Amino acid sequence: MVRNIVVLGGNSHPQLVDTISNILGVPPCNRILSKFSVGESRLEIKDSVRGKDVYIIQSGGGKVNDNFVDLCIMISACKTGSAKRVTAVLPLFPYSRQPDLPYNKVGAPLSKAPTDVNRGDFTFESRPPTPGPGQPQSQSLTNGNGNGMEGLQKKLGKASLEQQNGTTYTNGITPPRRSDTLDSSSSVTGRGRGSSSSSASAPPFTTHDYENPTMLKEAGKIFQAKPGYKQWVAQAGTLVADLLTCAGADHIITMDLHDPQYQGFFDIPVDNLYGKALLKRYIQTKIPDFKDAVIVSPDAGGAKRATAIADDLNVDFALIHKERRPTRITDRQNATMMLVGEVAGKVTILVDDLADTSNTITRAAKLLKKEGATKVYALLTHGVFSGDAIARINASALDKVVVTNSVPQDEHKRLCPKLEVLEVGTVFAEAIRRVHHGESISALFWE
Amino acid sequence: MATNSIKLLTGNSHPQLAKLVADRLGIELAKTMSLNYSNQETSVTIGESVRDEDVFILQSTAPGDINDGLMELLIMINACKTASARRITAVIPNFPYARQDKKDKSRAPISAKLIANMLQTAGCNHVITMDLHASQIQGFFNVPVDNLYAEPSTLRWIRENLEVKDCVVVSPDAGGAKRATSIADRLDLGFALIHKERARPNEVSRMVLVGDVENKIAILVDDMADTCGTLVKAAETVMAHKAREVVAIVTHGILSGNAIETLNKSKLSRVVVTNTVPLLDKQERCEVLKVMDISPTLAEAIRRTHNGESVSFLFTHAPTD
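About the thresholds
As a convention, each chain's residues are numbered from 1 in the sequence order in which they are written. Labels are handed out in written order, letters beginning with A for the chains and numbers beginning with 1 for the ligands. Given that the model is predicted, a residue must reach a pLDDT of at least 70 before its local features are reported, and side-chain atom pairs must reach 80 or more before they are shown or counted; all residues, however, enter totals for whole chains, interfaces and linings. By convention in this description, side-chain values take in all heavy atoms of the structure and omit both hydrogens and water. UniProt positions are given in the numbering used here, feature names are shortened, and annotations may be inferred rather than shown by experiment. Runs of H or I in DSSP of at least four residues are treated as helices and runs of E of at least two as strands, each being numbered from the N terminus. Between the two quantities, the radius of gyration covers C-alpha atoms and the globule rule is 2.2 Å times the number of residues to the power 0.38. Three exposure classes are used, based on accessible area relative to the maximum for each residue type with a 1.4 Å probe and protein chains only: buried under 20%, partly exposed in between, and exposed over 50%. Two residues qualify as a contact provided that any one of their heavy atoms is within 4.5 Å of a heavy atom in the partner residue. The Shrake-Rupley method, run with a 1.4 Å probe sphere, supplies the accessible areas, and residue values consider only the shown protein chains as cover. The positive count covers Lys and Arg only, the negative count covers Asp and Glu only, and His and the chain ends enter neither. To locate a charge, take atom NZ for lysine, CZ for arginine, CG for aspartate or CD for glutamate. In short, buried area is how much 1.4 Å probe accessible area vanishes from two parts on joining, totalled over both. Each reported salt bridge corresponds to a side-chain nitrogen of Lys or Arg within 4 Å of a carboxyl oxygen of Asp or Glu. Throughout this description, a polar contact denotes any pair of N or O atoms lying within 3.5 Å of each other; where both atoms belong to protein, one of them has to be capable of donating a hydrogen while the other can accept it, and for residues adjacent in sequence the pair is counted only when both atoms sit in side chains. Polar here means any residue outside two lists: the nonpolar Ala, Val, Leu, Ile, Met, Phe, Trp, Tyr, Cys and Pro, and the charged Asp, Glu, Lys and Arg; Gly therefore counts as polar. By this definition, two strands are paired if DSSP reports at least two bridges between them.

By the naming in an unreviewed UniProt entry, chain B goes by ribose-phosphate diphosphokinase and is assigned to Mollisia scopiformis. Checking UniProt for chain B, the heading Pathway (unreviewed entry) contains the comment "Metabolic intermediate biosynthesis; 5-phospho-alpha-D-ribose 1-diphosphate biosynthesis; 5-phospho-alpha-D-ribose 1-diphosphate from D-ribose 5-phosphate (route I): step 1/1." The UniProt entry for chain B carries the following comment under Sequence similarities (unreviewed entry): "Belongs to the ribose-phosphate pyrophosphokinase family."

In the nomenclature of an unreviewed UniProt entry, chain A is known as Ribose-phosphate pyrophosphokinase-like protein of Mollisia scopiformis. Its UniProt record gives chain A the following Sequence similarities (unreviewed entry) comment, quoted word for word: "Belongs to the ribose-phosphate pyrophosphokinase family."

Laid out in structure tokens, this is it:
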């Protein structure tokens with residue numbers, strides 16, 4: 001029994017709340033957390049929190065935005081209810097994966113203007129145009145001493161030339177300036193890949209694990225960056241950190257942040273717990289002959305995490321390099337994955353922090369089996385499994401998928417016989433106890 | 001030297017209103033895309049430069065997805081902030097969580113204050129909103145808040161559609177008395193008030209009418225109609241006191257839950273709402289529902305804010321179409 005502590009659970013993971021409050025020996029705080037018919041969250045905290053050390057447990061799965069706003073409201077309510085300290089416990093941190101910079105189809109992020117020019121982009125504006133892809137580079141800007149009028153004439157001359165070229169290439173049919181479909185973009189390939197046509201067919205964004213082609217195609221239809229502008233993808237990381245602080249959180253406890261740098265977004269203490277110990281124990285106890293197994297990181301970003309486990313267990317390590325740039329040959333997706341290391345005839349253990357659509361791990365498993373691995377395990381801290389992830393895992397070459405219950409796994413487990421769930425509540429309960437008593441957290445991770 | 005122009009962005013909550021405002025301003029909506037990843041996190045992509053621009057982000061509240069809309073707005077504001085916008089103005093016609101504005105019970109959250117803090121944390125420099133449930137919410141902000149009124153549009157609607165001299169303005173609850181008296185004064189009309197005893201939120205119990213409505217057209221005036229329980233009960237009360245007809249004029253037609261069914265069965269001859277909240281197919285499903293377009297007011301407020309002109313003119317005048 002821990003005194004002066006309040007465990008307040010959100011709606012995202014009631015089972016974990018029960019586990020933690022059982023271990024700590026305190027009943028979960030009595031509260032009403034529902035929604036008004038408009039969709040606004042409604043919260044009533046029934047038990048007093050005055051002068052208490054409050055731990056609010058809310059994971060980042062399910063309806064992320066609802067859960068996050070609920071969490072902020074709970075924090076704020078405890079704060080205004082005179083709680084001594086409010087700690088947000090987020091087993092899975094929402095918005096922890098920052099989207100990567102979008103790649104242009106032509107190559108890595110555009111740094112210089114493509115040679116072709118979009119006709120009709122010229123305006124007689126008094127200000128000099130911004131040089132950029134899809135816009136002709138201003139002569140006066142490149143030379144520094146160029147005459148504006150001369151530059152304009154050159155531009156116009158070049159434009160009319162381009163116009164002629166354009167018409168001859170497409171046999172009198174003027175290519176549409178903004179082509180939304182793949183067909184029309186292939187019809188203009190003759191005049192080179194224009195920035196507008198390629199940005200229509202190139203994915204507007206890529207994120208780790210996020211490669212659902214149908215969704216990208218849908219998005220590409222409705223969205224297109226302005227010619228000459230590389231779209232700006234919002235990075236919600238700092239925002240989420242700031243919002244939690246602004247709601248009044250004094251302390252954050254989370255597990256296996258996707259980017260360790262995320263801790264730096266906060267001005268308040270963040271305890272990043274490691275799922276490593278749980279995964280390691282699983283390997284040691286449940287995988288026979290783990291000494292001969294190979295730990296595999298499914299992408300370069302997770303290499304550090306995987307090597308840490310491999311070093312601790314003193315086993316071999318391999319890495320899969322994922323080529324993220326979209327290739328022209330779309331049906332041979334696996335051609336873009338490269339294995340570095342030897343796995344033939346061995347048991348392989350994929351280690352990653354998070355599986356969302358499970359695209360990465362299922363593709364990695366396929367590759368490993370092709371390279372001669374006898375068995376493929378996947379050990380993940382967070383199993384979000386959104387979309388058709390479960391179906392994909394069921395159909396994949398993976399032999400076993402092990403996740404912690406940082407997000408509710410009951411439903412997933414029912415649908416996926418390959419899934420095994422590790423209890424994470426004990427780790428969080430112990431961390432909460434230590435934070436409450438002011439004991440060291442790092443001692444939790446010593447062997 | 002870059003020009004500093006209006007960039008109007010919008011989230012997914014109310015694209016129609018954004019289109020109307022953009023048309024009125026004679027500009028194009030900025031290219032943005034916001035969608036949910038399969039794990040339901042919101043992703044916002046901005047497709048054109050906002051560097052050193054005057055950014056206005058219009059986001060209303062679509063019933064049911066309040067929190068999604070809120071996060072989308074916050075992420076969008078933050079994206080513009082990190083993309084070096086000169087000024088970011090959140091245009092929130094219907095302020096979310098406006099009703100949770102006080103600690104009416106122990107440990108009740110003051111969510112409106114939280115939303116205000118969140119908006120400022122995200123990087124919002126200015127807020128334009130309309131008919132706040134409590135105008136004190138303006139005090140939750142440390143940035144300027146322009147609280148516009150639908151009242152001028154309401155007055156015009158009454159003058160154009162009703163026999164003004166036969167009307168009486170009725171406030172369905174004590175909280176809205178000020179709003180109703182203001183309209184009554186402007187039209188030089190009588191005023192009545194309904195006192196209600198509220199048992200639980202979204203539910204209404206007993207009602208008492210103070211004032212005379214006999215043989216008059218009763219105009220119920222309120223800032224929002226959610227489940228419409230209050231309005232319908234008020235209409236019954238007014239009709240029971242021998243009013244000739246009862247019309248409701250409400251700024252925010254949230255109309256959640258069974259509101260449409262409730263309205264269809266009610267004694268209200270007309271329910272007039274503005275388009276601050278997306279109505280979707282509700283107008284087809286409800287014959288008595290009429291819509292006033294307030295996009296001219298919003299557009300004018302945006303234009304005036306951008307040009308540094310006074311907005312207070314709009315508190316008493318509705319721009320003509």
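Just to check I follow, could you spell out the overall build of chain B for this structure?
In terms of helices and strands, chain B carries 10 helices and 14 strands. Taking 321 residues into account, the globule formula puts the C-alpha radius of gyration at 20 Å, and chain B, at 20 Å, falls close to it. Oriented by its inertia axes, the alpha-carbon framework of chain B measures out at about 65 × 45 × 35 Å. Taking all 321 residues of chain B together, 61% fall into the buried category. Taking contacts inside chain B between residues at least 6 apart in sequence as the whole, the part at least 24 apart equals 64%. A total of about 12400 Å² of accessible surface is found on chain B, and carbon and sulfur atoms cover 47% of it. Chain B carries 36 positive and 38 negative side-chain charges, and their two centres are separated by 4 Å.

Is there a simple way to explain the interface of chain A and chain B in this structure?
Accessible area lost on assembly of the parts is the figure often given for the size of an interface. Contacts between chain A and chain B engage 63 residues on the former and 57 residues on the latter. Where chain A abuts chain B, roughly 5100 Å² becomes buried across the two surfaces, and 59% of that area is made up of carbon and sulfur atoms. Three residues stand out in chain A for area buried against chain B, namely Val38, Glu40 and Trp232 of chain A, and they jointly supply 14% of the buried area on that side. Scanning the region where chain A abuts chain B turns up two salt bridges. In this structure, Lys105 of chain B engages Glu44 of chain A in a salt bridge whose closest nitrogen and oxygen atoms are separated by 3.5 Å. Run the count over chain A and chain B and you get 23 residue pairs in polar contact (both at pLDDT 80 or more). Among the secondary structure elements, those contributing two or more residues to the side of chain A that touches chain B are β3 (41-45), α2 (64-80), α7 (213-222), β6 (232-233) and α8 (237-247) of chain A. A per-element tally of the side of chain A that touches chain B places α2 of chain A first, with 11 residues. Classifying every residue of the side of chain A that touches chain B gives 31 nonpolar, 17 polar and 15 charged. Two strands pair when backbone bridges link them, and β6 of chain A and strand β3 (residues 42-46) of chain B are joined in this way by two bridges, in the antiparallel orientation. Opposite Val233 of chain A, over in β3 of chain B, you have Thr45 of chain B as the bridge partner.

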